[in-house]
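Spelled out, the chains give:
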Amino acid sequence: MTIFTASVFDATVIFEGNELFKGQGSASMWAEKLAAELKSAVTVQKIGTGWVLCGTSDGVDCKWGIHGQRLMRIN
C-alpha cells in the first residue's frame, strides 16, 4: 500500500470499511496534488457515499482513499 505524507484534514465518510473524501471538491483538490506527485492524470470517482482518487501508479490502476489523515491506496 502506498501512503503519502501530506496530511489530509478534509471531511471524510466511511463506506465499506474505507475512509473516503466526503465532498467532490476536496477530492478534486487532492487529485491535482497527487497528479503532480505521480506526474500522471488522477481523477475523482464517487463510490457509495464518498469520493476516491483514481489513477495509475507504476503501471497499475489504483484508487486512493484516506487512512490516518494520509492518502492511501485502497482495494
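As a reminder, the structure under discussion sits directly above these lines.
Residues numbered from 1 in each chain as written. Predicted model: local features only at pLDDT ≥ 70, side-chain atom pairs only at ≥ 80, totals over all residues. Heavy atoms only, no water.

Asks: Where do I start with the environment of Lys33 in this structure?
Replies: Position of Lys33 relative to the elements: it lies in helix 1 (residues 24–38). Residue Lys33 is classed as partly exposed on the basis of its relative accessible area, which comes to 43%. A sequence separation of 15 residues divides Lys33 from Gly48, and the C-alpha atoms of the two residues are 23 Å apart. (Helix = DSSP H or I, 4+ residues; strand = E, 2+ residues; numbered from the N terminus. Buried < 20%, exposed > 50% of the residue type's maximum accessible area, 1.4 Å probe, protein only.)

Asks: Looking at this model, I keep getting lost on the state of the cysteines. Mind explaining?
Replies: As used here, a disulfide is simply a covalent bond connecting the sulfur atoms of two cysteines. This structure, assessed with the given rule, holds zero disulfides. Its sulfur unpaired, Cys54 is 9.7 Å from the next cysteine sulfur, which belongs to Cys62. Judged by relative accessible area, which is 13%, Cys54 ranks as buried. (Disulfide = S-S within 2.5 Å.)

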